[in-house]
Structures are given as structure tokens and as C-alpha cells.
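One letter stands for each residue in the lines below.
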Amino acid sequence: MIQKPRGTRDFFPDELEARRSVEATMRESVSRWGYREVSTPVFENLELFTLRSGEGIIGEMYAFQDKGGRDIALRPELTAPVLRMYVNEAKVLNKPVRWYYFGDCFRYERPQKGRYRQFWQFGIELVGADSAMADAEVMAVGYDLLKATGVSFELRVGDLAMMRSLLSDLEPELRNQVRACLDKRDYGALEALDLGGDLAGSLTALIESKTLDDAFAITGSIPEEERIRGTFAMLDAHEVPYLQNFGIARGLDYYTGCVFEAFAENLGAENQIMGGGAYRLAHLFGGEETPSVGFAIGFDRVMVSLGEHELKRPTTVAVAATPEGRIFGIRVAAAFRQAGIRTITDLNGKSLSAQLSQAAKHADFVAVIGGREAEAGMVTLRDLASGNQQTVSLEEAVAGVVGSGTR
Ligand code: HAM
């Protein structure tokens, strides 16, 4: 038996219907904020991802040469592709652009629960706006959208400027080590680094600070102070609950200002369900320097967090026909489908009683068509929930099912 590749999944209809319904909720939610969907290729030129992140990232990617010798990568995320697309068409676009996307991403990671090699991201990018209003809008959209799915989560908000001001005197190498520790939230390893003076103490105090006043007391006044205070004030205006956390460093190294993450309350190690922030990428791809802010939600993790939730099944009719009723049965099924009802017929020539017991498993109504019904153009409609059964005209049968509402 051939197996699927490591870190990938198949989705059976029940699971896929659940995913589609959550996806639809997300789409509706971002649409209300004026975000519109874009789509980019699943593979891109490798350079798109290494320009900012460096060659090191190749180890975590599905990167290969195509038959023409071009270096190609399956997209590990969608921000760089979307910004590439923005730059390609920037001249004709009305700014700011509000775009959203839903697509699969590929990372060569060690698979575990909530961590896959093919996974889906739902995200937005607000390109060409540089204000506290813009930062707060994107976070408010993320909050709104996660809330709409019903997932329980906590939003943490920070800004890289705070940490940067404390780390500005460090050698780049040491600074990266600090960033890596912060990223993994490994504060033990942070204390073990030889940072000199009381830097470790200040870092810890900054991470643990609960109010902006406390945080600025540690960093002193910095040029970004007004913007940071503005962003937090706007978030309050949007009535978005969040926790201040200036320890957020974010693994991707393109962020420039505000950064934020959301954590699901009922997940284990892989509990980060959203990550985002303000960044500049357009100039790297040949465009003008353009302030941007966005986030991506780990769709699969949201689904794990939501668990098995009951989906309303659309009302289903099974047409059960005897050999004499089969031809009329096709017309009956067509009439139900035309009225928008999910309708299934037997294809294997099963006996009427076998068709009826099969129907009991997956349908709400059975339309029984024997020779008598076929001749008279009538339908014997059985409501499987109540057991009631009536022989009526085709129109009446369709109206009866349509009028029954969703089960
Ligand atoms: P990221 O934090 O790398 O950010 O990924 C966003 C989310 O994708 C994570 O919070 C996580 O939920 C999910 N995720 C990441 N890797 C996996 C995986 N292997 N399996 C399942 N889920 C995963 C970005 O990708 C940025 N592009 C976000 C962004 C948009 N920043 C600005 N705009």
C-alpha cells in the first residue's frame, strides 16, 4: 500500500466539511473589514524567501531545482508572495490595499500534533498604511476572526522597538542569540548568556512589565514611544482584550514594529495559532519602501483546538426505487436537487429494503418509488425522524422536504 508523505494529511468528507465551515466564517469576518481575497502560486523563485531570511532558511523549506535548472521553493508562508505580487502591480493599486489569503504552505519540519509539512494559513496583509490605526486595525481583524470561529485564545501584543533599544549596544551575534532565546521563550538560556551589566535583569523586567509606563521606565524614552502608546490606545478603542508582552521577538526576521501572537488555551506545545506584525518587504522585491502589517493564522491548529464540533448536516433525501420505479426515480431526484436538496440514489441495484436501511443511516427523508408511484407520478415520502409516510404528488413531496428546515 502506498502511503502519503510524512507530515501530510488526507481529509475525509466530515472533516473537510468542518474545515470549510470554519473557513467560511473566517472569510465572512475579514470581508466585513473590507479585506479581499488574493491568490499566488504554490511555488516561487527560491530567492523570494532567502532575500530577507538568508540562506539558512533553505534547510526548513521544500526547495529544489526544476528541469530548467531554476531554484524553486514551495511557499513556506504567504507574506513574501503577496508582497511580491503587490510590487509587481503596485503602480495601478489604490493604497492601502487590504488583502486576505487562504492557502497551503510547506515547511520541512519535524511533524507532530499541530505541526505539519503541509499546513494551511489564513492571513491578511494591509499594505501601504503606516499608523497606530493600521497596526490596531490588523490586530482587531485577527481578534475578530478568531473569536468568530469560537476558539478560546489569548492575544499578546508587543513591539520590537522596546527590545531593540535595550539590545542596541550588543554585538550582532549576541543580539541574535538573545532573539533566539526570546523566540523560544527560553528565559533560562537567556540568563546563561554573558550579557554584561544588568542587561539580563532589564530584559526580564521588560518582558514581565504589565503596563506601558512600567515598560518605558525600563527602556527610557525611545523615538517610537508615541507610536506604541498610540497603537495600544487604538486597540483599547477597538475593545480588543490583549496582554502586553515585550518579550515577543517572532521567528521571522522581517518585522519592524508592532508584533503580536495568539495562543489557543487548550493546545499543548504547538499552541500558537496566529502570528503577525508590522514589516517592510516591498523594497527588497524591487518596489518602493512600503510600510505593511499583517498576520497569518495556523488554520490546522484552530481546527485541532475547536475539536470535533457538531456540524449541521444539510437535509438529505434518499430516493429508493424498485426496478419499475427507477426511471421516474431519476426525475424525482432531479426535482429535489433543483429545489436545493441534497439527494442520493442507489447505484448498485439493491433491494428496496436494503435501500431503506441504507437511507436510515445518512438521510432525513426517503422517497419510495415503486411501479405504482411511477405510473401515477406520485411519491411515497417517509420522514425518517417521525416515521410518518404519505403518498403525494412530486411537487408536494418537494415542498414538504423544503419546508422541513435543516435537521
Ligand atoms: P508564522 O508565525 O511563521 O508567521 O506562521 C503563522 C502561523 O502558522 C503560526 O502561528 C502557526 O499557527 C502556523 N504554523 C506555522 N508553521 C506550521 C506548521 N508546520 N504546521 C502547522 N501550522 C503552522 C508567518 O508565516 C507570517 N507570514 C505571518 C505574517 C503575515 N506576518 C505578517 N503578515
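Criteria and cut-off values
- Residues numbered from 1 in each chain as written.
- Predicted model: local features only at pLDDT ≥ 70, side-chain atom pairs only at ≥ 80, totals over all residues.
- Heavy atoms only, no water.
- Domains from an automatic or database assignment.
- Pairing = 2+ DSSP bridges.
- Helix = DSSP H or I, 4+ residues; strand = E, 2+ residues; numbered from the N terminus.
- Contact = heavy atoms within 4.5 Å.
- Axes fitted to C-alpha atoms, helices over the stretch in contact; angles between N-to-C directions.
- Near = heavy atom within 4 Å.
- Polar contact = N/O pair within 3.5 Å; in protein donor to acceptor, adjacent residues only side chain to side chain.
- Areas by Shrake-Rupley, 256 points an atom, 1.4 Å probe, with all protein chains shown as cover.
- Nonpolar A, V, L, I, M, F, W, Y, C, P; charged D, E, K, R; others polar.

Notes on the domain arrangement of the protein
- Taken domain by domain, the protein consists of domain 1 (13–306) and domain 2 (316–402).
- Between domain 1 and domain 2, the C-alpha centre-to-centre distance is 52 Å.

Section: the sheet that holds strand E1 (residues 36–37)
- Strand order in the open sheet made by the eight strands is E1-E5-E6-E11-E10-E9-E7-E8, with mixed pairing throughout. Because the sheet does not close on itself, it has two edges, and the strands there are E1 and strand E8 (243–244).
- Here two bridges tie strand E7 (residues 153–159) to E8, and the two strands are oriented parallel to one another. In the strand pairing of E8, Arg156 is matched with Leu243.
- Its contacts with the sheet put helix H1 (residues 13–31) on E1, strand E5 (97–106), strand E6 (118–127) and strand E11 (291–298), and the angle it makes with E6 is roughly 5 degrees.
- Docked against the sheet, helix H4 (residues 132–149) engages E5, E6, E7, strand E9 (255–264), strand E10 (272–280) and E11, running at close to 15 degrees with respect to E11.

A few points about the site of the ligand
- Within the structure, the ligand sits among 26 residues, and Glu77, Thr79, Glu109, Tyr255 and Gln272 are positioned closest to it.
- Between Thr79 and the ligand, the recorded distance is 2.7 Å, taken from a side-chain N or O atom to a nitrogen atom.
- The side chain of Tyr254 places a nitrogen or oxygen atom 3.0 Å from a nitrogen atom of the ligand.
- For the ligand, the protein covers 95% of the area, taking 650 Å² as the surface of the free molecule.
- Elements with a contribution of two residues or more to the shell around the ligand: E6, E10 and E11.
- Broken down by element, the shell around the ligand gets its largest block of residues, six residues, from E10.
- By residue class, the composition of the shell around the ligand is 11 nonpolar, eight polar and seven charged.

Some words on the sheet that holds strand E4 (residues 71–74)
- Overall, antiparallel pairing links the three strands, which are arranged E2-E4-E3 in an open sheet. Lying at the two open borders of the sheet, with one neighbouring strand each, are strand E2 (43–45) and strand E3 (63–65). Ignoring strand direction, the axes of neighbouring strands in this sheet form an average angle of 35 degrees.
- Looking at chain direction, E2 and E4 are connected through three bridges and run antiparallel. Across the sheet, Glu44 pairs through a bridge with Ala73, a residue of E4.

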